[in-house]
Amino acid sequence: ILIWKTATPWPSLRGFLYDYYLESTGSLFGVRAALVSPVSIILDAKTWQLRIANRGISPISNLETKASLGASYEWIDMTGSRVASGQLHLVPEANSEESRLDSMSAVLLGETNGSLEWPNACDDVCFLRLETLGTKTTSAPIPIWHWLTDPALGSAGDFSALGRLRQERGGEATVTLSSCNLVQQQTILLELAIHVPLMAPTVLFYPIVSLFFQDEQLLPVFDSKSTNVVLLPGETNVRSIETPIPASVAPLLLSLGHEDDDIISLTVEVSSWNGSPIRVQLDLRIDCIHADVKVSRLTS
C-alpha cells in the first residue's frame, strides 16, 4: 500500500495517503496505526469478529511476553461516553497453557470466536476503539478507530449523525505550543498539544494541524508522533510537526531587526471535523529563531 498509494498516476478519490497538494489524509493515519507494531488487531467488517495479526518474522507466545495476547475494545458514543467495553484473548492450544501466534498469520480471538455486538446505549453512530494486549513494544500503542452504525440499519449504514455533528460544530479544544525551532534556516520544528476539556459536550473528531505563511499553506507537513483521530473529553494528544521553510522566506530570516514591519508571521491552525479552527500566530524570527527558545501559548 505504501508503494501503490504514494505513486499514483491518477487523481485521488479515496484511500490515498496524501492529496494533490501533498496534505496527508486519513489513510495515512490508518496505515500508521496498523504498522506501528508487527502485531495489530483486525476487525472483520462483515462478521464483526476480531483477529490478531502477526506480520513479524518471529512467532509470539504468551509465555514469552508474560501476558495474554488479545485485544481490548471500547464502544464510545459521540459525546465521548464509554457505553461498553471488554477484552478478547487468544485461546491457548489444546492441553497447553501456551497461546501462540505464528509469523505472518492472523487468528480469531475469543473462546467461541464470537462477534462484537452493537451496544444498546449507542444510537445511529458509535466509535469503536481497539488496542492490542500482551505484546512487547518500545512505542506507545496507537488505538485503531472505527466509526460504525447499527447493523440493523443495513449493510450500507446511516452515517448522517456525523453530518449533524459537523454542522453543530460542538467540538472544543485548547492548543498549547511548547516549542518552535528553526534548523539551519531550512526546517521548522514545532511541538504542540491538543487538549479536549473534560466537560466538552462531544469528542473531537479528526483533528489535523496546518501551517500557513501569510496566506500560503506550507506543504508537506510531517507529523513524527502518533496521531489520534478521535480525542475524548479529558484527553491530550501531543503532536510533533516538521515542514521545510519556503525558499522565499529563508532570506528574510537572516536579517536581525525585530521591528514591527519585519514580522515574519507563521500561523498554526488546528482544525477538525466538528470544531471551529483554532489558530496560534508566531513571528518566525522572534519566537523560533534560536533552538533553545521556548514559547508557550494557549488558544481556545
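Here, residues in each chain are numbered from 1, in the same order as that chain's written sequence. Note on the predicted model: pLDDT of at least 70 is required for a residue's local features to be given, and 80 or more for side-chain atom pairs to be given and counted; whole-chain, interface and lining totals, by contrast, use all residues. Side-chain measures were taken over the full set of non-hydrogen atoms in the model, leaving aside hydrogen atoms and water.

So what exactly am I meant to see when it comes to the nonpolar core here?
Within soluble globular proteins, side chains that are nonpolar generally end up buried alongside one another. Here, nonpolar core means buried Ala, Val, Leu, Ile, Met, Phe, Trp, Tyr and Cys residues that are tied together by side-chain atoms lying within 4.5 Å of each other. Buried residues are those whose accessible area, probed at 1.4 Å on protein chains only, stays under 20% of the maximum for their type, while exposed residues exceed 50% and partly exposed ones sit between those limits. Counting residues in hydrophobic clusters, the biggest one holds 30 residues, and the most contacted among them are Ile188, Leu190, Ile194, Leu211, Leu266 and Leu284. Apart from the residues within four sequence positions on either side, isoleucine 188 is in contact with Asn181, Leu182, Leu218, Ile241, Glu242, Thr243, Ile245, Leu266 and Leu284. Val39, Ile41, Trp118 and Leu130 belong to the second largest nonpolar core, which has 25 residues in total. Contact between two residues is taken to exist if any of their heavy atoms lie within 4.5 Å; hydrogens are not considered.

What is the right way to read the side chain of serine 265 from this model?
Strands are runs of DSSP state E lasting at least two residues, helices are runs of H or I lasting at least four, and both sets are numbered from the N terminus onward. Along the chain, serine 265 turns up in strand E18 (residues 265–271). Under the rule applied, a polar contact is a pair of N or O atoms within 3.5 Å (in protein, one hydrogen donor and one hydrogen acceptor; residues adjacent in sequence only if both atoms are side-chain atoms). Of the polar contacts made by the side chain of serine 265, one reaches the side chain of glutamine 281; its length is 2.7 Å. Contacts of serine 265, omitting those with residues within four sequence positions, involve Phe212, Phe213, Gln214, Gln281 and Leu282.

Would you mind showing me how to read the packing of aromatic side chains here?
Centre distance and the angle of the planes are the two values used to describe a pair of aromatic rings. Ring pairs shown here join Phe, Tyr and Trp side chains whose ring centres sit within 6.5 Å, with only the six-membered ring taken for Trp; geometry is labelled stacked below 30 degrees between planes, edge-to-face above 60, and tilted in between. This model, assessed by the stated rule, comprises nine aromatic pairs. Between phenylalanine 127 and tryptophan 147, the ring centres sit 6.4 Å apart and the planes meet at 70°, which makes this aromatic pair edge-to-face. Taken as a pair, phenylalanine 127 in strand E8 (residues 125–133) and tryptophan 147 in strand E9 (residues 144–149) lie far apart in primary sequence, 20 residues in all. Taking the centre distance of 4.8 Å and the plane angle of 80° together, the rings of tryptophan 147 and phenylalanine 205 count as edge-to-face.

What's the story with the confidence of the model for the protein in this structure? I'm lost.
In low-pLDDT regions, the fine details of the predicted coordinates are not to be read closely. What pLDDT reports is the predictor's confidence in each residue, on a scale of 0 through 100. Looking at the protein, the pLDDT average stands at 83 and 84% of residues meet or exceed 70. In this model, residues 291–300 is a region of pLDDT below 50 whose contacts with residues beyond four sequence positions or in other chains number 33 contacts.

I keep staring at unusual backbone geometry and nothing clicks. Help me out?
Most peptide bonds take the trans form, and the phi angle of most residues other than glycine is negative. Residue leucine 219 is joined to proline 220 through a cis peptide bond whose omega torsion reads 0°. One can find proline 220 in the loop between strand E14 (216–217) and strand E15 (222–223). The phi dihedral of arginine 169 falls on the positive side, at around 50°, and the residue is not glycine. Along the chain, arginine 169 falls in the loop between helix H4 (160–168) and strand E10 (174–183). Positive phi, normally seen in glycine, also occurs at tyrosine 206, with a value near 60°. Relative to the helices and strands, tyrosine 206 is located in the loop between strand E12 (204–205) and strand E13 (208–213). Residue classification places tyrosine 206 among the partly exposed residues on the basis of a relative accessible area of 24%.

I would appreciate a short explanation of the pattern of salt bridges in the present structure.
A pair can form between side chains of opposite charge whenever their charged atoms are brought close. Criterion for a salt bridge: a side-chain nitrogen of Lys or Arg within 4 Å of a carboxyl oxygen of Asp or Glu. Overall, the coordinates contain eight salt bridges when judged by the stated rule. Measuring nitrogen to oxygen at the nearest pair gives 3.4 Å for the salt bridge that ties arginine 51 to aspartate 44. For arginine 164, the salt bridge goes to aspartate 124, with nearest N and O atoms at 3.1 Å. With arginine 164 in helix H4 and aspartate 124 in the loop between strand E7 (105–108) and E8, this pair connects stretches of sequence that are 40 residues apart. The exposure class assigned to aspartate 124 is partly exposed, which follows from its relative accessible area of 28%. Salt bridges sharing partners connect three or more residues here, namely Glu74, Arg82, Arg129 and Glu235.

How should the sheet that holds strand E19 (residues 278–283) be read in this particular structure?
Sheet strands pair by backbone hydrogen bonding; their relative direction is either parallel or antiparallel. DSSP bridges decide pairing: two strands pair if at least two such bridges lie between them. Taken in spatial order, the four strands make up an open sheet running E14-E13-E18-E19, and their pairing is antiparallel. For this open sheet the edge positions go to E14 and E19, each flanked by a neighbour on one side alone. By the bridge criterion, six bridges tie E18 to E19 in an arrangement that is antiparallel. Within the sheet, the bridge partner assigned to valine 268 lies in E19 and is valine 280.

Quick question: what am I supposed to make of the sheet that holds strand E5 (residues 82–89) here?
If you trace the four strands from one edge of the open sheet to the other, you get E5-E4-E8-E9, paired in antiparallel fashion. Each edge of the sheet is formed by a strand with only one pairing partner; in this case those strands are E5 and E9. For this sheet, the mean angle separating the axes of adjacent strands, direction not counted, is 20°. With seven bridges connecting them, strand E4 (residues 70–76) and E8 associate as antiparallel partners. By the bridge assignment, serine 72 is partnered in E8 with glutamate 131. Helix axes use the C-alpha atoms of the stretch in contact, all axes being lines fitted to C-alpha atoms, and the angles between their N-to-C directions lie in the range 0 to 180 degrees.

Hey, could you run me through H4 in this one?
Side chains that are three or four residues apart share a direction in an α-helix, a result of its 3.6 residues per turn. Along H4, the positions that sit buried rather than exposed are Ala161, Leu162 and Leu165. Buried residues in H4, looked at end-on, bunch into an arc of 100°, giving them a common side. Residues of H4 that are buried make contact with E8, E9 and E12. Directly after H4, the chain includes arginine 169, whose backbone phi takes a positive value near 50°. An arc is given here, and it is the one of the directions from the helix axis to the C-beta atoms.

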